[in-house]
Amino acid sequence: MTAPILPAQRPLTLGRHEVWPPVVLAPMAGITNVGFRRLCREQGGGIYVCEMITTVALVERNPKTLRMIAFGDDEQPRSLQLYGTDPEITAAAVRIVVEKNLADHIDLNFGCPVPKVTRRGGGSALPWRRRLFARLVKAAVDAAAPAGVPVTVKMRKGIDDDHLTYVEAGLAAQDAGVVAVALHGRTAAQRYSGTADWDAIATLKQALDVPVLGNGDVWEADDALRMVDHTRVDGVVIGRGCLGRPWLFADLEAAFDGRPERRLPALGEVAATMRRHAELLVDQFVAGARNPARGERDGCTDFRKHVAWYLKGFPVGSELRRSLAMIDSLAQLDDLLGKLDPAEPFPVATLGQPRGRTNSPGKVYLPEGWLASRDDDTVPEGAELADSGG
């Protein structure tokens, strides 16, 4: 399919930050750490968001959470996503971010659909309680304002097709002072199934004056162009599409620059990217470890989850795949990567196909009585999550 001609596109403006290309890496638990973000930034421009940080863990100075708030020396702007349900705790967390200069941009998570989050009234469940949602967003914006740190929100269409919230929530977030709103074109009930509703994204774009970002089913750079053409959004959010394909950001930069080149790396180039990814993770874990050998082992262990995504569609035997997914050292990785056929062409049949997490629609678990009143702004009991990352 031929990509449409891109409409006149300006850099994405988030407060004092201008971003080109208008591309945002979505925070993904266990994925978007320092090493992965650097790998992606080496491919192309944009904003690369760290793993989700919970507000209560930050306020309580949880050691693991504090270690997760890490950025490369040349990473600008430093983008941090916060998850919270209590306006006061959220404001306290934002004040810590700005007072300690931990980030240059804050995104608020209202898109998470997983049961452990929604059953507490958080994530994609929270915008249903419109007064609580508005209070929380305003608290974050007000706490960030003295330092000039821009705040954005990321959300879904709603709980399910009978409980949509995205337009009302977008307007409330805009009124609270956010500088942009990102919409994943699925409901919480859809999880990661079915097709993203780009028409809903277009509706939100028409309703708001602040920039709107579209998220959902951008598997290739040309999908991003089609989304912009269809919705007129100001930028795109990339999640699962880059798993095992960090060069997608090079394609996105080319696409938004109006250049036709797209990368189809042969297996040798993919192997080199895998090696670079593992090396960056090892550097990250060694820097935080007392024992360098333990750091290398932990970095290689963290890399294992990426192997299947990198090799998706390539004719690589099951035994070699299994061995690659069990590495403990870079030397072991080098030996196994040397057994791949570097001339094997990229499997074009995988282009445009979903990657990463897929599942079926499911019940959205909510606190008892959650749907009964939209104007109850009481913070749900036990709603805060102590574990950052998702």
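Residues numbered from 1 in each chain as written. Predicted model: local features only at pLDDT ≥ 70, side-chain atom pairs only at ≥ 80, totals over all residues. Heavy atoms only, no water.

### Notes on the overall build of the chain
The test is simple: Secondary structure elements are taken from DSSP: a helix is a run of H or I of four residues or more, a strand is a run of E of two residues or more, and numbering for both begins at the N terminus. The size measure is the radius of gyration over C-alpha atoms, and the globule rule it meets is 2.2 Å times the number of residues to the 0.38 power. Here's how the labels work: a residue is buried when its accessible area is under 20% of the maximum for its type, exposed when over 50%, partly exposed in between, all with a 1.4 Å probe on protein chains only. Contact definition: two residues touch when any of their heavy atoms are within 4.5 Å. Counted as positive: Lys and Arg. Counted as negative: Asp and Glu, with His and the chain ends omitted from the count. For the purpose of locating charges, the reference atoms are NZ of Lys, CZ of Arg, CG of Asp and CD of Glu.
Of the regular secondary structure elements, the chain holds 15 helices and 11 strands. For 390 residues, the compact-globule estimate of 2.2 N^0.38 gives 21 Å, and the C-alpha radius of gyration of the chain, at 21 Å, lies within 12% of that figure. Projected onto the principal axes, the alpha-carbon positions of the chain cover approximately 60 × 50 × 40 Å. Looking at the chain as a whole, 56% of its 390 residues qualify as buried. Across the chain, every contact between residues at least 6 apart in sequence was considered, and the portion connecting residues at least 24 apart equals 74%. With 47 positive and 50 negative side-chain charges, the chain shows a separation of 3 Å between the mean positions of the two kinds.

### A short note on the pattern of salt bridges
Using the following cut-off: Salt bridges, as used here, are contacts in which a Lys or Arg side-chain nitrogen is within 4 Å of a carboxyl oxygen on Asp or Glu.
What the rule picks out here adds up to 30 salt bridges. For D217, the salt bridge is made with R186, and the minimal N-O distance between the two is 2.7 Å. Within this pair, whereas D217 is found in the loop between β10 (212–215) and α9 (221–231), its partner R186 is found in the loop between β9 (180–184) and α8 (198–207), the two being separated by 31 residues in sequence. Here the two residues D217 and R186 agree in accessibility, since each one is buried.

### A few points about helix α4 (residues 87–99)
As a reminder, the rule being used: Under the convention used throughout, the expected extent of a helix is 1.5 Å for every residue step, that is, one less than its residue count. Pairs of N or O atoms are called polar contacts if they sit within 3.5 Å, as long as, within protein, a hydrogen donor faces a hydrogen acceptor (for residues adjacent in sequence, only side-chain-to-side-chain pairs).
Counted at 1.5 Å a residue, the expected span for α4 with its 13 residues is 18 Å, and the 18 Å between its end C-alpha atoms agrees. Inspection of α4 places P87, T90, A91, A93, V94, I96, V97 and V98 among the buried residues, and these make up the whole buried set. Contact partners of the buried residues in α4: α2 (55–59), β6 (79–83), β7 (105–110) and α6 (130–144). Where α4 begins, the side chain of D86 points an oxygen toward the backbone nitrogen of E88, at a separation of 2.8 Å. N101 sits one or two residues past α4 and shows a positive phi near 55°.

### As for the sheet that holds strand β8 (residues 151–156)
Keep this limit in mind: Each pair of strands is called paired provided DSSP finds at least two bridges between the two strands. Here the axes come from fitting lines to C-alpha atoms, over the contacting stretch only for helices, and the angles between their N-to-C directions go from 0 to 180 degrees.
Pairing is parallel across the open sheet formed by nine strands, whose spatial order is β4-β3-β11-β10-β9-β8-β7-β6-β5. Two strands in the sheet have a free side with no partner beyond their single neighbour: β4 (47–48) and β5 (53–54). Sheet analysis places strand β3 (residues 23–25) next to strand β11 (residues 235–238), joined by three bridges and oriented parallel. Considered in β11, the bridge of V24 is made with V237. Relative to β8, helix α7 (residues 166–176) is tilted by about 175°, and along the sheet it contacts β8 and β9. With respect to the sheet, α8 is in contact with β8, β9 and β10, its orientation differing from that of β10 by roughly 175°.

### Observations regarding the state of the cysteines
Between two cysteines, a covalent bond joining their sulfur atoms is known as a disulfide. Threshold: Cysteine sulfur atoms that pair up within 2.5 Å are treated as a disulfide.
Under the criterion given, the structure shown has zero disulfides. With no disulfide of its own, C112 lies 15 Å from the sulfur of C50, the closest cysteine sulfur.

### A short note on the pairing of β6
Heads up, the condition is: By definition, the crossover connecting two strands over a helix is right-handed if that path, from the first strand to the second, turns clockwise as seen with the strands pointing away from the viewer.
Counting buried positions along β6 yields five of five residues, so the element is predominantly enclosed. Where β6 and β7 come together, four bridges link them in parallel fashion. Along β7, the bridge assignment pairs L82 with L108. With α4 bridging β6 and the parallel β7, this β-α-β connection has right-handed handedness.

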